[in-house]
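Fold and contact review
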Amino acid sequence: MNWEQLDLNPRIIAAVKRANVKSAKEILSLSGSDLQRLTQLSKTDVHHLHTAVAQAYCKRPPVTALQLLRGECPSLEPGHKLSSGCSVLDALLRGGIPLCGITELAGESGAGKTQFGLQLSLSVQYPVEHGGLGSGAVFICTEDSFPIKRLRQLIVQQSQLRQDLPKALVRSIRFSDNIYIEHAADLSALQTCITQRVPVLLSRGSVRLVVVDSVAGLFRNEFQADETLERTRHLLAFSSTLHRLSHTYHTPVLCINQVTDVFDGPNPGRCNFGLVESRVLPALGLAWANQVMVRLMLRRLGGCVTAGEQSCVPRRLEVVFAPHLPRVSCLCGVWLEGIRGIAMEDSGEPPQQALSGTSRTAHGPGTAPEGGAGCT
């Protein structure tokens, strides 16, 4: 290291050279007392040495608690989140999806996971004051082809889903131009995508959301049962890259995950990630669960709910774990305009209670569009 580049007294630099200290890592790894004994410098000189080296290698200036209190560092504020596009779901998530870290959405086939990812890909394009991030999304498909027909349907119905916004604003956004679609057929292609192409889109400001649908498919297919260590190594490398992208560009990452069946029933001695009574658990085990900041589960329930002229099978969106959320859930449905929380007629019924009976009526945000899908 070139010590002359630091803003230090030449006497301190000479003492460091006499002690044969050659790198900043050595300086920062030693305590003040150890550095005093090694360099024969005073406590004040050692403090200046530590400060100068830390400032030279700190990429971002430190932030004080007073700066946070005054709101002088908006990029570190936890208040803003990416809206789901539905006030009921946003209330459950306390504003929406966090901007830093990995959010996982797990559920059985047909629960509506991919549609939730599509809905976020549209929501991210709205201005910040309307719950978006004013940018596009990159949607990485690892299993099925991208559902372009459903995306077009959601775009057409945006004015129905977002009735709280001016229609002129909704019409002014060219949604389909701001969604970048990637297909990864194997782990090598997936790693190339997230290490080369996605960082370019993020650095240009073209996208502020990364959706991976799904994270389990490739890791399940490319490794045998006796290759657990190798699979874990690739899984940790993948999650590390996603975390770095999320925190570097302040970008939410949504990973859609499959589930595995539980054959031997609930076992309190096993790590079920909080889902003690569940028949299914998110795939990829504990190694992946430790990389996830927010875990959500989407389940299909029995019965049928209606909104206007539409009807659908109800779902339950549940918070399994999150650092800022309690264990709560709410009912929702997959409608023509997207996934929307269900507001029951009985306003005294808490959202986390199970839906009973075979049919309920939900209050939608105004008249539902015609041609709704029937119950399945």
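Whatever comes next refers back to the structure up there.
Residues numbered from 1 in each chain as written. Predicted model: local features only at pLDDT ≥ 70, side-chain atom pairs only at ≥ 80, totals over all residues. Heavy atoms only, no water.

This part covers the side chain of Ser84. Here Ser84 lies in the loop between helix 5 (65-70) and helix 6 (87-92). The buried category is assigned to Ser84, whose relative accessible area is 1%. Among the polar contacts made by the side chain of Ser84, one reaches the main-chain carbonyl oxygen of Cys86 at a distance of 3.4 Å. A polar side-chain atom of Ser84 sits 2.8 Å from a polar atom in the side chain of Asp90. (Helix = DSSP H or I, 4+ residues; strand = E, 2+ residues; numbered from the N terminus. Buried < 20%, exposed > 50% of the residue type's maximum accessible area, 1.4 Å probe, protein only. Polar contact = N/O pair within 3.5 Å; in protein donor to acceptor, adjacent residues only side chain to side chain.)

This part covers the sheet that holds strand 4 (residues 207-213). Read from one edge to the other, the open sheet built from nine strands follows the order 3-2-4-5-1-8-11-12-13, with strand pairing classed as mixed. Looking along the sheet, the strands with just one partner apiece sit at the ends: strand 3 (179-183) and strand 13 (338-341). The sheet shows a mean angle of 25° between the axes of neighbouring strands, taken without regard to direction. (Pairing = 2+ DSSP bridges. Axes fitted to C-alpha atoms, helices over the stretch in contact; angles between N-to-C directions.)

Next up on the list: helix 1 (residues 10-18). Listed in full, the buried residues belonging to helix 1 are Ile12, Ile13, Ala15 and Val16. For helix 1, the angular spread of the buried residues around the axis is 160°, confining them to a single face. The outward face of helix 1, more than 90 degrees from its buried face, is lined by the exposed residues Pro10 and Arg18. Packed against the buried residues of helix 1 are helix 3 (32-39) and helix 4 (43-57). (Arc of directions from axis to C-beta. Contact = heavy atoms within 4.5 Å.)

Any link to function would need more than the numbers given here.
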